[in-house]
Amino acid sequence: MIRPYVRTGGRNRPSRDVRLETVLVGASGSTDGLGPDARRVMRLFAGGRGGLAVADVAAALDLPPSTVRILVSALMDSGHLAAPAAAEEDRPGLDLLQEVLRGLRELV
């Protein structure tokens, strides 16, 4: 068993706010110079495959989610991965969200 801090190069926190539900897409570029675990992460995005959540990456690689969050944030910092933000017009309005919440409460 390899300790998580060895896998992350001694880092114990992600450099950015990366949550388990954060959806990632791979960017093109060389993976030369990346560590073995970072290369494993990048292989999941090979062939233009994208749209994986951090939790999916952790499950696919059988690594602790906390370790994957650190690896992913480092890959985002280096430009290998990105987490596209939803456009403002694509987000539901507050009124719609309140209506959905009201409907859910009625179901309970």
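Everything that follows concerns the structure shown earlier in this document.
Residues numbered from 1 in each chain as written. Predicted model: local features only at pLDDT ≥ 70, side-chain atom pairs only at ≥ 80, totals over all residues. Heavy atoms only, no water.

Section: the environment of V68
Item 1. Looking at the secondary structure, you find V68 in helix α4 (residues 65-77).
Item 2. Leaving out residues up to four positions away in the same chain, V68 has contacts with V54, V57, A58 and L63. (Helix = DSSP H or I, 4+ residues; strand = E, 2+ residues; numbered from the N terminus. Contact = heavy atoms within 4.5 Å.)

Digging into the packing of helix α3 (residues 54-61) against α4
Item 1. Two numbers describe how α3 lies on α4: the axes approach to 9 Å, and their chain directions differ by 115°. Considering how the two elements wind past one another, α3 and α4 form a crossing that is right-handed. Only P65, V68, R69 and V72 of α4 make contact with α3, whose side of the interface consists of V54, V57 and A58.
Item 2. Broken down by class, the residue content of the contact of α3 with α4 amounts to 6 nonpolar, no polar and 1 charged. (Axes fitted to C-alpha atoms, helices over the stretch in contact; angles between N-to-C directions. Left-handed = near helix turned anticlockwise from the far one by under 90°. Nonpolar A, V, L, I, M, F, W, Y, C, P; charged D, E, K, R; others polar.)

Some details on the environment of L75
Item 1. Examined against the element boundaries, L75 turns out to sit in helix α4.
Item 2. Taking the C-alpha atoms as reference points, L75 and V41, separated by 34 residues in sequence, lie 9.0 Å from one another.
Item 3. When sequence neighbours within four positions are dropped, the list of residues in contact with L75 reads L34, A38, V41, M42, H80 and L81.

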